[in-house]
Amino acid sequence: MWKQIGITLIAFWLPVSSNATEHADQPTPEIVGSLDGEQREWFILSHGSDSNASFVELGDDINIDITGSVDDEVWEGEEALTISLTVNEEQLLNSVVLYSIGASISPPLFTSEGGEVVVTLTRYERSSQTVHVAGKIEGVLGLQVELGEPPSQEEGIEIDVTFDVEAQKIEF
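On a predicted model such as this, the values are computed, not experimentally measured, just so you know.

A. A look at the overall build of the protein chain. A count of helices and strands for the protein chain gives one helix and 11 strands. Counted from the first residue to the last, the protein chain has its helices and strands arranged as α-β-β-β-β-β-β-β-β-β-β-β. In the protein chain, buried positions account for 44% of the 172 residues. Contacts in the protein chain between residues at least 24 apart in sequence constitute 59% of all its contacts with a sequence separation of at least 6. Entry remark: accessible area of the protein chain is about 8900 Å², with carbon and sulfur atoms responsible for 47%.

B. Summary view of unusual backbone geometry. A positive phi is found at aspartate 36, a non-glycine position, where the angle reads about 55 degrees. Take aspartate 36: it is sitting in the loop between strand E1 (31-35) and strand E2 (38-42). One non-glycine residue, glutamate 79, lies in the positive phi region at around 65 degrees. Note that glutamate 79 resides in the loop between strand E6 (61-68) and strand E7 (81-88). A relative accessible area of 29% means that glutamate 79 is categorised as partly exposed.

C. Spatial organisation of the environment of serine 51. Secondary-structure assignment places serine 51 in strand E4 (residues 50-51). For serine 51, a relative accessible area of 6% corresponds to the buried category. Separated by 3.5 Å, the side chains of serine 51 and serine 46 make a polar contact. For serine 51, the side chain forms a polar contact with the main-chain nitrogen of alanine 53, separated by 3.0 Å.

D. Summary view of the nonpolar core. By size, the foremost hydrophobic cluster in this structure holds 30 residues, and its most contacted members are Ile31, Ile64, Ile66, Ile137 and Leu141. Residue assignment for this core shows that the elements contributing at least two residues are E1, strand E5 (53-58), E6, E7, strand E8 (91-100), strand E9 (109-126), strand E10 (130-144) and strand E11 (152-169). Tallying contributions element by element places E11 first for this core, with six residues. In this structure leucine 141 touches Leu35, Val97, Tyr99, Phe110, Thr111, Ser112, Val117, Gln153, Gly156, Ile157 and Ile159, once residues within four positions along its chain are discounted.

E. Focus on the pairing of E10. Taken together, the 13 bridges between E9 and E10 define a ladder with antiparallel strand orientation. Note on E10: the bridge partner recorded for leucine 121 is glycine 135. Linking E9 to E10, which pair antiparallel, is a turn of three residues. The sheet contact formed by E10 and E11 spans 13 bridges and is antiparallel. Paired with glycine 135 across the two strands is phenylalanine 163, which belongs to E11.

F. Seen up close, the pairing of E5. In this sheet, E6 lies alongside E5 in antiparallel orientation, the contact comprising six bridges. Opposite leucine 58, over in E6, you have aspartate 61 as the bridge partner. Two strands pair when backbone bridges link them, and E5 and E11 are joined in this way by two bridges, in the parallel orientation. Looking at E11, one finds that phenylalanine 55 is bridged to lysine 169.

Thresholds applied
- Residues numbered from 1 in each chain as written.
- Predicted model: local features only at pLDDT ≥ 70, side-chain atom pairs only at ≥ 80, totals over all residues.
- Heavy atoms only, no water.
- Helix = DSSP H or I, 4+ residues; strand = E, 2+ residues; numbered from the N terminus.
- Buried < 20%, exposed > 50% of the residue type's maximum accessible area, 1.4 Å probe, protein only.
- Contact = heavy atoms within 4.5 Å.
- Areas by Shrake-Rupley, 256 points an atom, 1.4 Å probe, with all protein chains shown as cover.
- Polar contact = N/O pair within 3.5 Å; in protein donor to acceptor, adjacent residues only side chain to side chain.
- Core = buried A, V, L, I, M, F, W, Y, C linked by side-chain atoms within 4.5 Å.
- Pairing = 2+ DSSP bridges.

See the structure below:
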């Protein structure tokens, strides 16, 4: 989990806070569905070669980190939805879903860790510099009040969203 949080913090640090890539007309949300019974949508922000949807290769594994913002132009950590996926040979090996309550990706937050969340991939296509991934997230995110403490399912929120995202490759 600490590795996923570290990668997520790096994604939050990327300089994408001012402007999203301009789209014709109204941008389309890449993540849509319900959270705690309320219809929601999240946008992937990009600026130049920086994006809130990225991936790295670690051996044969592809680690994809997606951070959706509720605003289609300005990055705000509050109410962000973060999805971290590990894929090997087009098979989902691991996933972590976080929903931030405050302005940062530290507790209190809602997490799939130790929860009852199912992530299903419906599409995975890889080119040299991009990964197109789509899927569904269903279940209950647990509330983690403090770092190091297990999340509480009793204070969880239901999630039922779909995502359709193109992630850019990060090279170090």
